[in-house]
Amino acid sequence: MRFLGIVALLLGLALGAQAESLNTVALTVDGRGEAQRQQALQQGLKDMLVRLSGKQQVLEQPVSEQALAQLDRWVTRYDYDGDQLMVRYDTRGLMDFMAAAGAPVWGFPRPQVLIWLVEQGTGRGDMVAGDHELREHLVGEARRRGLSLVVPEWDSQDRNAVTVADVRGRFDNQLLSASERYPHELVVAAVLYQGSPATVSWRVLQGKKALNQGREDSASAEQAVTTLVDAVTDQLAQRYAVASSASERLTLLEVEQVETLADWHQLQGFLAGLSGMRAVSLVQASDQEVTFGLDFGASDSQLRSLLELSRQLRPCPDDSVAGPQWRYCWRS
């Protein structure tokens with residue numbers, strides 16, 4: 001019992017750290033009066049609802065109007081920094097509120113997305129990284145949507161491993177090899193073609209498998225970057241955001257090779273933090289093997305997709321998708 005208590009304490013600290021990274025919105029204000037502040041707080045809450053659902057359409061659902069009617073309930077702190085109002089919101093409370101209303105929730109963990117974005121001008125093309133003029137806009141748009149973005153350094157090591165032509169030509173072996181130095185679960189390969197209109201083509205890769213792809217037109221290069229971030233985030237939310245529904249069964253997840261307290265803590269914390277996960281209960285524990293009962297509020301396919309976000313958790317080689325109990329192996 002003491003062992004489980006330690007796990008629960010560490011679990012709470014881990015989930016709190018994850019939520020902290022998404023709970024703040026920066027808003028530009030033209031004054032510090034009450035009217036300007038209230039307008040900014042409302043806009044920030046709308047941004048937060050989009051961020052926590054992963055879907056811009058959440059603003060058209062009744063839950064948004066209901067949340068806005070209780071604005072003071074969600075604002076935990078605000079501070080001014082020049083013409084910026086920094087607002088912190090109660091993300092955990094908002095997610096619970098959204099889930100209870102049947103709205104989609106994109107919780108934690110979120111996949112780290114490594115992006116190789118080439119701006120194709122009149123020359124051979126430039127990587128949007130380092131001091132490229134579009135890099136700050138790219139990072140800011142990812143922050144707006146809650147996309148956990150990793151931008152490559154584009155230093156000599158990167159340049160020796162991959163070229164802009166490799167990204168443009170879809171030479172994924174070079175791209176994936178160059179990506180190994182960066183923490184990520186997914187890779188985005190994208191090319192922005194300057195012109196009228198500006199066009200961006202993109203693909204989301206999970207290993208060598210392409211999960212999604214698209215091609216979008218925009219009025220400018222900056223707008224193309226915004227469109228790219230929105231399109232990628234919308235697709236990922238479609239895969240990972242969960243609108244919970246009633247469930248009368250538990251999914252039994254048997255995990256082998258759980259050898260240490262740290263492994264146990266990391267595994268249970270990961271499972272409990274998944275979007276749509278209502279409860280994680282210990283069913284059985286033996287030497288290097290644990291079985292959890294997962295009360296998950298959406299489909300098995302969505303649960304499988306969410307489990308893929310763990311770098312340590314993989315289906316055992318002889319596991320079958322069908323059946324009442326899933327067998328996974330833990331890789332420390």
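All of the points below concern the structure found in this document.

Moving on, we come to the nonpolar core. Among the nonpolar cores identified, the biggest contains 72 residues, and Trp116, Leu117, Leu236, Val255, Leu267, Leu271 and Leu307 are the most heavily contacted of them. Broken down by element, the residue count for this core peaks at ten residues, all from helix H10 (residues 221-240). Not counting residues up to four positions away in its chain, the partners in contact with leucine 236 are Trp106, Val113, Leu147, Leu186, Val204 and Ala241. Residues Ala40, Leu71, Trp74 and Met95 belong to the second largest nonpolar core, which totals 27 residues.

So, about the pattern of salt bridges. Counting across every chain of the model gives 14 salt bridges. Note that arginine 203 and aspartate 172 form a salt bridge whose closest N and O atoms lie 2.9 Å from each other. Remark: aspartate 172 occurs in helix H9 (residues 172-179) and arginine 203 occurs in strand E8 (residues 198-206); sequence separation between them is 31 residues. What makes aspartate 172 buried here is its relative accessible area of 17%. A salt bridge links arginine 239 to glutamate 308; the nearest nitrogen and oxygen atoms lie 3.2 Å apart. Of this pair, arginine 239 sits in helix H10 while glutamate 308 is found in the loop between helix H12 (300-307) and strand E13 (313-315), placing the two residues 69 residues apart along the sequence. Residue arginine 239 is classed as partly exposed on the basis of its relative accessible area, which comes to 22%. Under the relative-accessibility criterion, glutamate 308 is labelled partly exposed at 31%. It is possible to trace a salt-bridge network through shared partners that takes in Glu141, Arg144, Arg145, Asp230 and Asp234.

What follows is about the sheet that holds strand E1 (residues 24-28). Taken in spatial order, the three strands make up an open sheet running E1-E3-E2, and their pairing is antiparallel. Where the open sheet ends on each side, the last strands, each with one partner, are E1 and strand E2 (75-81). For this sheet, the mean inter-axis angle between neighbouring strands, taken without regard to orientation, is 20°. Inspection of the sheet shows E2 paired to strand E3 (residues 84-89) by six bridges, in the antiparallel sense.

This paragraph deals with the pairing of E8. Burial analysis of E8 places nine of its nine residues in the buried class, the great majority of the element. The alternating pattern of E8 places Ala198, Val200, Trp202, Val204 and Gln206 and Thr199, Ser201, Arg203 and Leu205 on opposite faces, both of which are buried. The antiparallel hairpin formed by strand E7 (residues 186-193) and E8 contains four residues in its connecting segment, where glycine 195 sits at a positive phi of about 155°. Strand direction decides the pairing type here: E8 and strand E9 (residues 209-218), joined by nine bridges, are antiparallel. Bridge pairing links valine 200 to glutamate 216 in E9. Here E8 folds back onto E9 in antiparallel fashion, the turn holding two residues, of which glycine 207 has a positive phi close to 65°.

To continue, consider the state of the cysteines. According to the stated counting rule, one finds one disulfide in the structure shown. The partner cysteine of cysteine 316 in its disulfide is cysteine 329, sulfur to sulfur 2.3 Å. Negative torsions about the S-S bond denote left-handed disulfides, and the value of about 110° found for cysteine 316 with cysteine 329 makes this one right-handed. Taken as a pair, cysteine 316 in the loop between E13 and strand E14 (325-330) and cysteine 329 in strand E14 lie far apart in primary sequence, 13 residues in all. Note on accessibility: cysteine 316 and cysteine 329 belong to one class, buried.

Moving on, we come to the environment of tyrosine 89. Tracing the sequence through the fold places tyrosine 89 in strand E3. For the pair tyrosine 89 and tyrosine 78, spaced eleven residues apart in sequence, the C-alpha separation works out to 8.9 Å. Non-local contacts of tyrosine 89, meaning those with residues more than four positions away in its chain, are made with Asn23, Val25, Ala40, Leu41, Gly44, Leu45, Met48, Trp74, Val75, Thr76 and Leu94. A polar contact of 2.8 Å, which involves the side chain of tyrosine 89, links it to the backbone oxygen of leucine 41. A distance of 3.2 Å separates a polar atom in the side chain of tyrosine 89 from the backbone nitrogen of leucine 45.

Our focus in this paragraph is the packing of aromatic side chains. All told, the structure shown has three aromatic pairs when counted by the stated rule. Taken together, a centroid distance of 6.4 Å and an interplanar angle of 75° make the contact between tryptophan 116 and tryptophan 154 edge-to-face. One end of the pair, tryptophan 116, is in strand E4 (residues 113-120); the other, tryptophan 154, is in the loop between strand E6 (149-150) and helix H7 (156-161), and 38 residues separate them in sequence. By the burial criterion, tryptophan 116 is buried, and tryptophan 154 matches it.

On to the sheet that holds E14. Backbone-to-backbone hydrogen bonds pair the strands of a sheet. The strands run either parallel or antiparallel. With mixed pairing, five strands are arranged side by side in an open sheet as E11-E12-E10-E14-E13. The two strands at the open ends of the sheet, each matched to only one other strand, are strand E11 (277-286) and E13. When strand polarity is set aside, the average angle formed by the axes of neighbouring strands in this sheet is 30°. Summarising the sheet, strand E10 (residues 251-256) and E14 pair through five bridges and their orientation is parallel. In the sheet register, glutamate 254 faces E14, and the bridge partner there is arginine 327. Where H12 meets the sheet, it contacts E10, E11, strand E12 (289-296), E13 and E14, and its direction lies at approximately 5° from that of E14.

How each quantity is defined
Residues numbered from 1 in each chain as written. Predicted model: local features only at pLDDT ≥ 70, side-chain atom pairs only at ≥ 80, totals over all residues. Heavy atoms only, no water. Core = buried A, V, L, I, M, F, W, Y, C linked by side-chain atoms within 4.5 Å. Buried < 20%, exposed > 50% of the residue type's maximum accessible area, 1.4 Å probe, protein only. Helix = DSSP H or I, 4+ residues; strand = E, 2+ residues; numbered from the N terminus. Contact = heavy atoms within 4.5 Å. Salt bridge = Lys/Arg side-chain N within 4 Å of Asp/Glu carboxyl O. Pairing = 2+ DSSP bridges. Axes fitted to C-alpha atoms, helices over the stretch in contact; angles between N-to-C directions. Disulfide = S-S within 2.5 Å. Polar contact = N/O pair within 3.5 Å; in protein donor to acceptor, adjacent residues only side chain to side chain. Phe/Tyr/Trp six-rings, centres within 6.5 Å; stacked < 30°, edge-to-face > 60°.

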